[in-house]
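Single-letter residue listing:
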Amino acid sequence: MRTRLFGLATAALVAVLGVMGPVAQAAPVPRISGDQCTAGKGTVEYDSVAGQWTCVGGTYADEPIN
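Residues numbered from 1 in each chain as written. Predicted model: local features only at pLDDT ≥ 70, side-chain atom pairs only at ≥ 80, totals over all residues. Heavy atoms only, no water.

Peer 1: Explain the state of the cysteines residue by residue, including any values.
Peer 2: Applying the stated rule across the entire model yields one disulfide. The disulfide that involves Cys37 links it to Cys55, with 2.0 Å between the sulfurs. Taking the sign of the S-S torsion, 85 degrees for the link of Cys37 and Cys55, the bridge is right-handed. Of the two residues, Cys37 sits in helix H2 (residues 34-39) while Cys55 sits in strand S2 (residues 52-56), which places them 18 residues apart along the sequence. Summarising the burial analysis for this pair, Cys37 and Cys55 share the class buried. (Disulfide = S-S within 2.5 Å. Helix = DSSP H or I, 4+ residues; strand = E, 2+ residues; numbered from the N terminus. Buried < 20%, exposed > 50% of the residue type's maximum accessible area, 1.4 Å probe, protein only.)

Peer 1: Pulling in residues and values, what's your account of the pairing of S2?
Peer 2: Across five bridges, the pairing between strand S1 (residues 43-47) and S2 is antiparallel. Paired with Tyr46 across the two strands is Trp53, which belongs to S2. Hairpin connection from S1 to S2: four residues lie between these consecutive antiparallel strands, with Gly51 at a positive phi of about 75 degrees. (Pairing = 2+ DSSP bridges.)

Peer 1: Any chance you could break down the environment of Gln52 for me, citing the residues and the numbers?
Peer 2: With respect to the helices, strands and loops of the structure, Gln52 is situated in strand S2. In this structure the C-alpha to C-alpha distance between Gln52 and Asn66, which are 14 residues apart in sequence, comes to 9.0 Å. Other than its neighbours up to four places away in sequence, Gln52 contacts Arg31, Glu45, Tyr46, Asp47 and Pro64. (Contact = heavy atoms within 4.5 Å.)

Peer 1: Which residues make up unusual backbone geometry, and what values go with them?
Peer 2: The backbone of Lys41 shows a phi angle near 65 degrees, a positive value even though the residue is not glycine. With respect to the element layout, Lys41 can be found in the loop between H2 and S1.

Peer 1: With reference to specific residues and values, describe the confidence of the model for the protein.
Peer 2: Close inspection of predicted coordinates is inappropriate for parts of the model with low pLDDT. Mean pLDDT over the protein works out to 81, with 74% of the residues at or above the 70 mark. Model confidence for the protein, summarised as mean pLDDT per element, is weakest for helix H1 (residues 2-20) at 71 and strongest for H2 at 94. (pLDDT = per-residue confidence, 0-100.)

Peer 1: Requested: an account of the side chain of Thr54, with residues and values cited.
Peer 2: Within the fold, Thr54 resides in strand S2. A residue is classified by how much of its surface remains accessible, and Thr54, at 12% relative accessible area, is buried. In this structure Thr54 touches Thr43, Val44, Glu45, Asp47, Glu63, Pro64 and Ile65, once residues within four positions along its chain are discounted.

Here you go:
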């Protein structure tokens, strides 16, 4: 009987986590344009390690570029 109860509780927990999985995904990173970066006194540079363009310095420092 205990095995069945444990199995039922485990199945219910897996079902709940399966439903919540897509909800718990990270929110998309807000991206700015190159014009916004330069207007905020930054420079647009390519980060070869991350493989994306980023804003360096200024108001939008370290923000990814569209």
